[in-house]
Amino acid sequence: MSRHVIGSVVERKTTSQPSAASRFTAKPGIGFPAVQHRSKSAFARAREEAAVNSANARRNEVPLVVPTGELQPPPTAETKSALTDAEDLGHHISQANEQRLANMKPEEIEKEREAVLEQLGSDAPDLLRRVREARERKRAREHPQTTEAEGKVTTPEQTEKPPIHQPTPALPPLGARPGILRVRSLESVPQSAPRTASSQRSCTRPSSRTGKKIRFAEVTPKDIYVYESAPVSPKRPVLALPPPPEKPDGSVVSLGSFKGSIPSKRPHPTESPSDDKESPTTTTDDSKMEGTPEYIRRRYFPDAPENDPNLEWMQPATSSDSSELRFDLNGAPISPSLSETLPSHLGLHHHAEGNRAGYTLEDLFLLSRSTVPAQRASMLGVLAKVAHRLGAQAKDGNFPDKLAELAGKEGELRKRILAAGLSAIGERGGVGAMAVEVVWECLVAWNSGTTDIDGIELHLAPDVMSATQPEQLLPIIAGALAQASLPRQSLEQLLAIVYRFAQESNELAGSIMATHHLVPAIIQTFLLTPIPPKDDSVLPDPMTLRLLTVLASASRSNALSLLEPATATLRFVTLLPDSSPFPAPLATSLLIQTLRFYRVLACYGLYSHIATSASHYFSALSSYILSPPFLPPKTLSQLRTAWSSLLEAWIVCATDPHATTPPHEILWSQVIAWSWESEVRLFRKDLTDADQDWEVWSAVWNAEAAWLEGARINGVKGGEKEREQVLEVVKPGFAEEEGLDHKVVRAALQAVKQRLDILTIGGPEMEKVFKSVVEPTHVLCSAIRLWLACLPPVKDVPLNSPPFTLPFGELSKFCAELVTHPVWSLPEKCGMYLRVHLRPLSSLLAYFHRLSCYIPGTGSDLWLAQGLSIITRLIPGDEATAIAMEENCILPATSQIAGFQVQLPSIATDILKPFFNYTIRPNPDVHVSPLHVTTESICHSTTLRLPGGTPDVLLEEAKTGLPLSRDWLTAPLTHLLRSGTSPVFRGLPTGWDASEVDVVRATLLLLQVSCGVLQRWALGAYALGPAEIVFACMRVCMLEHGVGGGASGMDSSAEVFRDDAVEKLMGWLLDPFAPKRLPTPPPSPPPTVACTETTTDLLPILTPQNYLELASQTYLRQTHTPFYQFYTDLVALYSAVSFAHPVFGALLLPPLAMRYPSDYRRLVWCEAGDGSSATAGVGDGVGAVTEVVRTVRLDLERVVCCGLGWPGSNCSPAFPDVREYLYPVESDGRILGAYLQALLAGRNAPQGFLRLVAVHHIACTVWPDLRRLWQTAEDGPNGVEAGVDRSAVTGFTPPSDPSQSSGSLVGPKLLRLLLNRGDALAVREVLLYRQSPGGAFLWPPSCFEGSLGDADRAERVEHVRNVISDDMAERARTVFEQKED
């Protein structure tokens, strides 16, 4: 039957029949919903709601009026007196049901019957019958005297009515409560429930109210029931202890006797004695299962299958891991023991885990997606607190409240928590506020230590930032700020989030500027507050000005977009702190941030016209600063520094008005008229040599230097008068031991030294100490800059005396230590964002290099050595300095500087300028502003921030080429090899005309000069190492004939490596790394005794200086080519075009050292040449040799050693030593076979060094004494330490197959083949060979002379006898006893 809120309205005539009784309602009609008590179960509330809905439902169709026959007479007084309130209620309900049935059609009755059967099941009639019988039995027990009379009233069979009106208990409508499939019987209705006024009005009752009165039930203590804290459904099984044994057992401990009484179980309302008699087994099973999930399913959900997933909530809670971390509502962890004992009223027992207090992380993530706003907000708040703990733990490994269970998982959890906050950040109310806090904790508070770092792109967490999807998050933030629907604290957190985005990268800063209405909403919300402020209005936030400063420093385009909002910030300049309506600290902070914002704009040459249009206000500001104002000392220093720095930038803009945007925004004549230089000098009167005034000293000296640099261009006679004025003021201050300026410089120099020493030691406060180095270094930079600005403009005129005194000796010594200090590698270890603290250090070295050439005693070679070492320390922003250093210092070097004894043809190094300029600045669209703004930088700078991120970026993708790599001088060779795609050759300057050979000559000359002067002045750490030199020469050999074509003058008539000058230069470069035979070699130790010097040093660490695979990365990583592929091509080229060129052949040897993988040795000894080699193993054909082994015939004096070392080499003579090719002894069977095949090749056998290598490895494999000597050195105190992976140290991994090892299986085969098929020379060399991994190296032919001890000879003869035969032993004895002719 369909039911609607409003049914059809039909007019009908009234009849004489009495109207139907009104429906009974159980709710008072007072207009408010009834109070729901938590003590009622869900089933009880469902029944009450269903009854009300059934009674109040409207009918849609016209009701059918059916005569009901005679009305039942009212109950008599006797009957009435015997009825209780509950019985009276049941009586009226019965009458209402009968009247309702009388008004229904037969088909309606049948439809309702089917609905009841469908809802209650097929046993509904039996259920109703049992309910009725149980009710009658109860009445009979309670009122035996009224049973008969009441039966006459209530029994349906005794009432005259149409047959279709058979009374049934009132049933609730089917749709009253979805999900409630079955209702409890009427026995669940409290029997003593009082009748309400509404229920009385809704029932059929006598017309008279005479004698009626309101009665209330008498509540007794037994009527109050206290529920347990544990859930009652499903019922938990009680822990059952086993019964005591029948026989006494002393091991059983009694827990005491139960002295209470066990209450009898209340029978279920539907159970009846008749049922018990009919099915006693079923009743017994139900009583046992009562309260279990299966019992609840059978009773309330009979149609549901046993494993219905919708009924999983009834299953008992599974016991979770007690060690799983849980949190309380404050984000604090709860120990497992405490989580089991906490009471349930604390709100920590939730539906996910009812037996343990607290929330696991998975619970928090699940509930943070709840549809209940309050619950969702609460869980987001807990996640925010957990994120705060994780962030503190990630920053400090010794965090006192460290969550050990989550150690190492901070990054992963950060992303998950951030995702939970982002999913709700667009919500309103408490959910949105908590979501903002979660995002703020994950982005801002997580890296709280970087809030004050500016001047660099942080790039701290690119993956986290990309996970926020800024293109979607930023518009949401803009909408939230525009609507101001969140609390003020949440809005400030949104501002901090935007500031963090701006710090991350220039791209994100551009996205902020591109987001519609975001920046205007920020300015309107946090900056343009009412003036004067109202009682309920908020105050301006200086963080907004910091955000604008960061956005402007990110790019020139951002700065151009912020010119219009910049006008609104002038209010903080016009309202000085002493007259501002804002509190003085806030007004001062707003003023300082505004001046810094103007300086950033001025560094691009922008907005400098404000100095003219608002000159009156800036004049008042200058007077205010000079007053001096009543401000804290630190605040006053910050204000003076900000004002002086702004004046410096404006002075630079006025120096070249054509460089500003638009041009002529500020003129030099205006700067002179405003006398800014005089105002800056007045700051000196209140300054001291204390460190709190150092930043002011630095700003004042920079402003004076900018004034002198501008006067040199715009002043009369190169600013001669201006220099005299400045020197008149500053020279007394720099007087040695007397002047205040000189004391400041010495104090700053001492502070830098001490703090750098602390960084060398290391410690937990390294980042803080690193930051403290910046301020005193700025002082030194500005002092040297001022000194250089006081020089006369003519450079060629010798300097008679310095402008003023500086501690030149101490500065020179400090810079020599600074250039080799480990502080330069600190950013790679602790975070690349710390590179911003290196800017003043690199600027200090650059300024000192300019100063150094004026110091007496600095020759051209020393100045060149300083430039070659300092240029590798310059960082992004110093590109102009690097280019000037390259053009003025490095390129003018000639062969006379290195002292060449052999005359070389004229070599012009200036042809390398295009290659070096591109190496320094590969991206012409990116110009990073220098630390001190210049007239060139205000015109070309595209950003003021250093690029962040990892340094391993390809040159083509990098924003800048600084810092330069170690092998930057070989960059022209790279461009020659890639001349077809090189951008340098596509943009060569007009008039540049040089051949391929010219470029190679100039490059090799620079390499030779740089190595010579750097070694001469003890700066060899900046010279290229042997591996780097070898790889540079390899690239020269890779330049084939005709590379580059003739269009650009890059053709060559022959291979470049055959040029006489190129061959000489490569020979000179490789010569320092070849071993030298000593005139009187030291006596060698006994051959059976290893070096006994105790040491724990391991082999040299593999670096680009000594390992080719690392040295080649700068060149090969751009094409993702492994060095082995490059070496394979080189070997093939040697075989094709070299014709046994000695230098080319020497370049093939370094990868054959034993610390390289065996693939390189296998390539040369087994596979190289024309491809016809067949040296596959020990037992293969005799005499085969590769083309490379046959043609590379070099003496030991021409072998290049890279200093890789070998086990047992710590007590040997210093590098170079060829034993890095000899130890550890070869263990690859295929290579050993190739060695033997080469020795048996007769006249094609290898000569020189390669023959020594083959003899050595064969002899050390076959002779036990040599093998024992090597193993002793390897495993002894001078070899590999115990517990150290030998393969990691030596680069040599022994084969897992014993048959391929150089042990007892391979040695006899080699010896037998050698003695049977070898010629006399090969047999003699192997039999008599001796060498030791320690001590002095035995040069050929000493190692072949046979000066063996008697014991060693006897051992070798006996070894031949054991593994071969007695005849072979006698032949070996003959060789040992034979004297050399």
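Here the structure is a predicted model, which means the values were calculated and not measured. (Residues numbered from 1 in each chain as written. Predicted model: local features only at pLDDT ≥ 70, side-chain atom pairs only at ≥ 80, totals over all residues. Heavy atoms only, no water.)

**So, the overall build of the protein chain**
When helices and strands are tallied, the protein chain shows 62 helices and 4 strands. Accessible area for the protein chain stands at about 66,900 Å²; split by element, carbon and sulfur atoms hold 54% of it. (Helix = DSSP H or I, 4+ residues; strand = E, 2+ residues; numbered from the N terminus. Areas by Shrake-Rupley, 256 points an atom, 1.4 Å probe, with all protein chains shown as cover.)

**Some details on the environment of glutamate 775**
For glutamate 775, the position within the fold is in helix H35 (residues 774-789). You can call glutamate 775 partly exposed: its relative accessible area is 31%. Between the C-alpha atoms of glutamate 775 and tryptophan 694, which are 81 residues apart in sequence, the distance is 7.0 Å. Not counting the four nearest positions on each side in its chain, glutamate 775 is found in contact with Asp691, Trp694 and Glu695. (Buried < 20%, exposed > 50% of the residue type's maximum accessible area, 1.4 Å probe, protein only. Contact = heavy atoms within 4.5 Å.)

**Here we look at the packing of H35 against helix H38 (residues 839-852)**
Pairs of packed helices are described in terms of their axes, by the angle between the two and the distance that separates them. The geometry of H35 relative to H38 is characterised by a closest axis approach of 9 Å and an angle of 25° between their N-to-C directions. As summarised for this structure, H35 and H38 are arranged roughly parallel, according to the angle between their axes. Crossing geometry of H35 relative to H38 is assigned as left-handed. Only Pro840, Leu841, Ser843, Leu844, Tyr847, Phe848, Arg850 and Leu851 of H38 make contact with H35, whose side of the interface consists of Val774, Thr777, His778, Leu780, Cys781, Ile784, Arg785, Trp787 and Leu788. Residues of the contact of H35 with H38, tallied by class, amount to 12 nonpolar, 3 polar and 2 charged. (Axes fitted to C-alpha atoms, helices over the stretch in contact; angles between N-to-C directions. Parallel < 35°, antiparallel > 145°, perpendicular 65-115°, else oblique. Left-handed = near helix turned anticlockwise from the far one by under 90°. Nonpolar A, V, L, I, M, F, W, Y, C, P; charged D, E, K, R; others polar.)

**Focus on helix H51 (residues 1123-1138)**
Listed as buried for H51 are Phe1123, Phe1126, Tyr1127, Leu1130, Val1131, Leu1133, Tyr1134 and Ser1138. Summarising the axial view, the buried residues of H51 lie within an arc of 165°, below the 170-degree limit, and thus occupy one face. Immediately beyond the C-terminal end of H51, within one or two residues, lies phenylalanine 1139, with a positive phi of roughly 55°. (Arc of directions from axis to C-beta.)

**Regarding the pattern of salt bridges**
A full pass over the atoms with the stated rule returns 35 salt bridges. For glutamate 294, the salt bridge identified is with arginine 297, shortest N-O distance 2.5 Å. Residue glutamate 294 and its partner arginine 297 are both found in helix H10 (residues 293-300); the two are separated by 3 residues, about one turn of the helix. A salt bridge links aspartate 463 to lysine 415; the nearest nitrogen and oxygen atoms lie 2.9 Å apart. (Salt bridge = Lys/Arg side-chain N within 4 Å of Asp/Glu carboxyl O.)

**As for the packing of aromatic side chains**
Under the criterion given, the structure shown has 33 aromatic pairs. Measuring from ring centre to ring centre gives 5.6 Å for phenylalanine 915 and phenylalanine 985, while their planes differ by 70°; the resulting arrangement is edge-to-face. Residue phenylalanine 915 is found in helix H42 (residues 913-920), and its partner phenylalanine 985 is found in helix H45 (residues 983-986); the two are separated by 70 residues along the sequence. Its relative accessible area of 0% is what places phenylalanine 915 among the buried residues. Ring centres of tyrosine 1221 and phenylalanine 1249 lie 5.0 Å apart, and the angle between their planes is 80°; on these two criteria the pair is classed as edge-to-face. Of this pair, tyrosine 1221 sits in the loop between helix H54 (1187-1191) and helix H55 (1229-1239) while phenylalanine 1249 sits in helix H56 (residues 1249-1262), placing them 28 residues apart in sequence. The exposure class of phenylalanine 1249 is buried, given its relative accessible area of 2%. Pairwise contacts between aromatic rings join Phe1031, Tyr1107, Tyr1115, Phe1123, Tyr1124, Phe1126, Tyr1127, Tyr1156 and Tyr1160 into one cluster. For the cation-ring pair, arginine 978 lies above tyrosine 1115, with the distance from its terminal atom to the ring centre recorded as 4.2 Å. Against the face of tyrosine 1115 rests arginine 1035, its NZ or CZ located 5.4 Å from the ring centre. (Phe/Tyr/Trp six-rings, centres within 6.5 Å; stacked < 30°, edge-to-face > 60°. Lys NZ or Arg CZ within 6 Å of the ring centre and 35° of its normal.)

**Comments concerning the side chain of serine 490**
In this fold, serine 490 is placed in helix H18 (residues 488-504). Residue contacts for serine 490: discarding those within four places in its chain leaves Ala433 and Val436.

**Focus on helix H25 (residues 584-603)**
Between its terminal C-alpha atoms H25 stretches 29 Å, which fits the 28 Å expected from 20 residues at 1.5 Å a residue. Counting buried positions along H25 gives 15 out of 20 residues, so the element sits mostly inside the fold. Just downstream of H25, glycine 605 is the residue with a positive phi angle, here 75°. (Expected span 1.5 Å × (residues − 1).)

**Here's the deal with the side chain of arginine 1267**
Positionally, arginine 1267 belongs in helix H57 (residues 1264-1275). Although arginine 1267 lies buried, it forms no salt bridge, and the closest oppositely charged side chain, glutamate 1355, sits 7.9 Å away as judged by the N-O distance. Within the structure, arginine 1267 has its side chain in polar contact with the backbone oxygen of threonine 1261 (distance 2.6 Å). (Lys, Arg positive; Asp, Glu negative; His and termini not counted. Polar contact = N/O pair within 3.5 Å; in protein donor to acceptor, adjacent residues only side chain to side chain.)

**Some details on the packing of helix H27 (residues 615-626) against helix H28 (residues 633-655)**
Between H27 and H28, the least distance of the axes is 11 Å, while the angle of their chain directions is 140°. Compared by their axis directions, H27 and H28 come out oblique. As H27 runs across H28, the sense of the crossing is left-handed. The residues of H28 that touch H27, namely those facing Phe618, Leu621, Ser622, Tyr624 and Ile625, are Leu639, Arg640, Trp643 and Trp650. Residues that form the contact of H27 with H28 fall into these classes: 7 nonpolar, 1 polar and 1 charged.

**A look at the confidence of the model for the protein chain**
The share of residues in the protein chain with pLDDT of 70 or more is 73%, and the mean pLDDT across the chain is 80. In the model, residues 64-73 has pLDDT below 50 throughout and makes 12 contacts with residues more than four positions away in sequence or in other chains. Scored below 50 in pLDDT, residues 1170-1181 makes 26 contacts in the model with residues more than four places away or belonging to other chains. (pLDDT = per-residue confidence, 0-100.)

**A look at unusual backbone geometry**
Cis geometry is adopted by the peptide bond preceding proline 662, which originates at threonine 661 and carries an omega value of -10°. Tracing the backbone through its elements, the reader meets proline 662 in the loop between H28 and helix H29 (668-674). Unusually for a residue other than glycine, histidine 517 sits at a positive phi of about 70°. Mapping histidine 517 onto the fold places it in the loop between helix H19 (506-514) and helix H20 (518-526).

**What about the nonpolar core?**
Among soluble globular proteins, nonpolar side chains are generally buried collectively. Counting residues in hydrophobic clusters, the biggest one holds 355 residues, and the most contacted among them are Leu494, Phe618, Trp643, Trp650, Leu786 and Trp1165. Here phenylalanine 618 is in contact with Val573, Leu595, Tyr598, Ile610, Ala611, Trp643 and Trp650, once residues within four sequence places are set aside. In this structure, Ile296, Tyr300, Ala304 and Leu311 belong to the second largest nonpolar core, which totals 6 residues. (Core = buried A, V, L, I, M, F, W, Y, C linked by side-chain atoms within 4.5 Å.)

**What about the environment of glutamate 294?**
The class of glutamate 294 is partly exposed, set by a relative accessible area of 22%. Each C-alpha atom of the pair glutamate 294 and methionine 314 lies 8.9 Å from the other, and the pair is 20 residues apart in sequence.

**Considering the environment of aspartate 691**
Considering the arrangement of structural elements, one finds aspartate 691 in the loop between helix H30 (676-682) and helix H31 (694-714). Residue classification places aspartate 691 among the partly exposed residues on the basis of a relative accessible area of 43%. Separated by 57 residues in the primary sequence, aspartate 691 and alanine 748 have C-alpha atoms spaced 8.0 Å apart.

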